[in-house]
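Structure assessment
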Amino acid sequence: MEHKYDYFKRDISWLSFNYRVLLEALDERLPLYERINFIAIYSSNLEEFYKVRVADHKAVASGVTRSDEESVSSARRLVEDINQEVTRQLSDRVRIYEEKIIPALRKNHIIFYQSQYVEPFHRSFIKKFFKEEIFPYLQPVPVAKDRIISFLRDNRLYLAIRVYLKGDAKRVPSYFVMKQPYAKVPRFINLPPHGDNYYLMYLEDIIKANLSLIFPGYEVESSYSIKISRDADILIEDTANSADLVEQVKQKVKKRKIGAVCRFVHDRAMPQDFLDFLIDAFKIEREEIILGDHHLNLEDLSRLPNPNKKLRMIEKPKPIKLSCLDEKESIFSYVIRKDLLLYYPYHSFEHFIHFLYEAVHDPSTREIMLTQYRVAENSAVINTLIAAAQNGKKVTVFVELKARFDEENNLSTAEMMQAAGIKIIYSIPGLKVHAKVALVRRRGTNGKRAPSFAYISTGNFNEKTATQYADCGLFTCHKDIVNDLHNLFRTLQGKGKPTFKKLLVARFNLITKLNLLIDHEIELADQGKEGRIILKMNALQDPAMINRLYEASEHGVQIDLIVRGICCLIPNQPYSRNIRVTRIVDSFLEHARICYFGNNGKPKLFLGSPDWMRRNLYRRIEAVTPILDPDLRRSLINMLNIQLSDNQKACFVDENLQNIFKKRLPGKRSVRAQYVFAQSLDK
């Protein structure tokens, strides 16, 4: 019997995830500044969401074809739904910030002024600071309908100001906009302490308190913060050759800051007539107007100073350096004996750097091959590869130029590597390469065998994010995996279509293998045996794979999904009654992609780079490896079980996209998965 399956809308599901991020700011068990940082993360996430996803829908709604999956009318409705949900969330964000965070700071002797009003003992300081440190960088620009239009830069804070000429009996208002000098003066100003208290103030509030000095001869009636978010999703025609693609990236990245407006955010206290004037003057569409806090760009709260050094700070698990892999020991020797699985950020990313360092200095090393999607600035990985090339090793790096917001960094590092003698392969036309893989090819001497090494990871080769993202990386010298990975790099160089024995590679054999694994669990359930699937990923969106999970559920397969972000599968439906969706938001960003198939008591486990999104499964090169070592399989199963037992930071996602926190049952211990798992690795 066929069913009509339903799905959550991708972007509404994402908003549910981002709201879950915001809820961390309510957790009084966390250090206060960690709670504040979650507000910053929520705001930063939302900014990027509008600049990419909403901008894309707006382009479709305006008749610009960017997608063959969305009509003009559906795009318009979706933008309305998104704006409605974001406005709903704003009230909670304001409540959390104003009623929870600001009083908590005050309780800890940090007085964070929320308006231009200051205590009498600070007024002379504020005036002096304004005159000396801020005033020289301010430049009010008049705004007049159809006559004087100032260009508002992307994601910059402006003050919109309304003034009246003193003595003007007709009371004709004049309007100005003034960009905050963010590059010259910090957003948050430390004021002199008083008694037991420390004091902080927003830069814009200091400006507001002194506007009369900027507009002599005028009565300053009011001022409000505004900002513009612009379309950042640059379209690259990547069917051209590498040289043309590089030039495209260089030119189009420059235009990102002048993209089409995708939202106009204003202080929610702004009167309607003031807002109407600005809308007309800047030719803002009504659907682009979004209510904001009194203070915008709250992503800046990640840099909020902490003047009270006695305040408990963020306490995250420290990265573990494995004693078997310290600088005196050889990772190569270890991996020849046994596969190695590292969990970041619980394990130190320095082990991977050490792995590359060994390859540089090993006389048997023939070639180092690696994919670059997102790397840190001044990357230790890139510097080590350059050292390898300078040491006479052959080094080949595939650079994905189309990694959004990393185009410039990827291009500059690629040019630096190329200058050092590294062979650079640029983006494949029509595809993104999202696989996170490295290969060290070795050649034996004097008749001795020198095994090569493969590394397959769920995360980027980025030492900065490796301290923030929870990922896994497998080192192995298994011959089939090494050969498969070499074949994959040959494919990236345009040298034919490969076959793979062990690796699962998107656009080749990944979908086929996943379907066979799901089919097997369905067969087991049909035979009265246990059918079991656990999937951990960042996003689940592809309808075809969701349908397979619905189908498996209907056959009685028990399915647990650990999905951090987008999840378009709807639980608690007749066709999904055996599926549970868990979301974990905690100190580290859950980023690993792991698949578990019960296989009648002989579990099969896989890890790799793809989420189950259309783009990952059909339009990218992704790599997944089986976990062949039984000890490592048990380790991954332990991690999955710990995450499923989390009753502190985990929640179920219900059929209404609500985040329903899991409760600790009587007699059960408290489990905060990230910290329990870190402790298990440190034993």
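In this report, we go over the structure that sits alongside the text.

Calculation notes
Here the residue numbering is sequential within each chain, running from 1 through the sequence in written order. Given that the model is predicted, a residue must reach a pLDDT of at least 70 before its local features are reported, and side-chain atom pairs must reach 80 or more before they are shown or counted; all residues, however, enter totals for whole chains, interfaces and linings. Only hydrogens and water are set aside when side-chain values are computed; all heavy atoms of the structure are taken into account. Elements are defined by DSSP. Helices are runs of H or I of four residues or more, strands are runs of E of two residues or more, and each kind is numbered from the N terminus. Radius of gyration here is computed from C-alpha atoms only, and the compact-globule reference equals 2.2 Å multiplied by the residue count raised to the power 0.38. Partly exposed residues are those whose accessible area sits between 20% and 50% of the maximum for their type, while under 20% is buried and over 50% is exposed, using a 1.4 Å probe and protein chains only. Contacts: residue pairs with any heavy atoms within 4.5 Å of one another. Every accessible area reported is derived by Shrake-Rupley at a probe size of 1.4 Å, with residue values counting cover from the shown protein chains alone. Positive charges come from Lys and Arg, negative ones from Asp and Glu, while His and the chain ends are left out of the count. Every charge is mapped onto a representative atom, which is NZ of Lys, CZ of Arg, CG of Asp or CD of Glu. A cavity, in this analysis, means grid points on a 1 Å lattice covering only the protein atoms where a 1.4 Å probe fits yet has no way out; a pocket is instead an open set bounded by protein on both sides within 12 Å along at least five of seven lines, and a residue lines either one if it has an atom within 4 Å of a point. Grid points are joined across faces, edges and corners, and a volume is the space filled by probe spheres set on the points. Each residue gets one of three labels, nonpolar for Ala, Val, Leu, Ile, Met, Phe, Trp, Tyr, Cys and Pro, charged for Asp, Glu, Lys and Arg, and polar for the others, Gly among them. Any two strands are treated as partners once DSSP identifies two or more bridges connecting them. To define axes, lines are fitted to C-alpha atoms, for helices over the stretch in contact only, and angles between the resulting N-to-C directions are given on a 0 to 180 degree scale. Expected span, for any helix, means 1.5 Å times one less than how many residues it has.

1. Digging into the overall build of the protein chain
- From N to C terminus, the protein chain includes 18 helices and 28 strands.
- For the protein chain, the C-alpha radius of gyration of 28 Å lies close to 26 Å, the compact-globule estimate for 683 residues.
- Along the first, second and third principal axes, the C-alpha set of the protein chain runs to 95 × 60 × 55 Å.
- Sorting the 683 residues of the protein chain into buried and exposed places 59% on the buried side.
- Expressed as a percentage of contacts within the protein chain between residues at least 6 apart in sequence, the contacts between residues at least 24 apart total 75%.
- Split by element, the accessible area of the protein chain, about 29,900 Å² in all, is 49% carbon and sulfur.
- Of the side-chain charges in the protein chain, 104 are positive and 84 negative, and the distance between the mean point of each set is 3 Å.

2. Digging into the layout of surface pockets
- One number sums up the size of the second largest pocket: a volume of about 350 Å³.
- Surrounding the second largest pocket, 18 residues form its lining, Lys58, Ala59, Ala61, Ser62 and Glu287 being those nearest its centre.
- Taken together, the elements giving at least two residues each to the lining of the second largest pocket come down to helix H2 (32-61), helix H3 (72-107) and strand S8 (261-267).
- Its residues assigned to classes, the lining of the second largest pocket comprises 8 nonpolar, 2 polar and 8 charged.

3. Section: the sheet that holds strand S6 (residues 197-202)
- Strands sit in the order S1-S6-S5 across an open sheet of 3 strands; the sheet is mixed. Each having just a single partner strand, strand S1 (110-112) and strand S5 (188-194) make up the two edges of the open sheet. Across the sheet, the mean angle separating the axes of adjacent strands is 25° when strand polarity is ignored.
- Inspection of the sheet shows S5 paired to S6 by 5 bridges, in the antiparallel sense. Residue pairing in the sheet places Phe188 in a bridge with Tyr202 of S6.
- Packing of helix H4 (residues 120-134) onto the sheet brings it into contact with S5 and S6, and relative to S5 it is tilted by some 145°.

4. Some details on helix H12 (residues 407-419)
- The first and last C-alpha atoms of H12 sit 18 Å apart over 13 residues, in line with the 18 Å expected at 1.5 Å per residue.
- The set of residues buried in H12 consists of Glu407, Asn409, Asn410, Leu411, Thr413, Ala414 and Met417.

5. A look at empty space enclosed by the protein
- Taken as a whole and assessed by the stated rule, the structure comprises 5 cavities of 30 Å³ or more.
- Estimated volume of the largest cavity: approximately 170 Å³.
- Contributing to the lining of the largest cavity are 19 residues, with Leu46, Arg93, Arg263, Val265 and Asn297 lying nearest its centre.
- Elements with a minimum of two residues in the lining of the largest cavity: H2, H3, S8 and strand S9 (289-292).
- Of the residues forming the lining of the largest cavity, the biggest block, 4 residues, is contributed by H2.
- Residues that form the lining of the largest cavity fall into these classes: 9 nonpolar, 4 polar and 6 charged.
- The computed volume of the second largest cavity comes to approximately 90 Å³.
- Lining the second largest cavity are 13 residues, with Arg593, Cys595, Pro610, Trp612 and Val624 positioned closest to its centre.
- Of all the secondary-structure elements, those providing two or more residues to the lining of the second largest cavity are helix H14 (510-526), strand S19 (532-537), strand S23 (593-597) and strand S24 (604-608).
- Per-class residue counts for the lining of the second largest cavity are 10 nonpolar, 1 polar and 2 charged.

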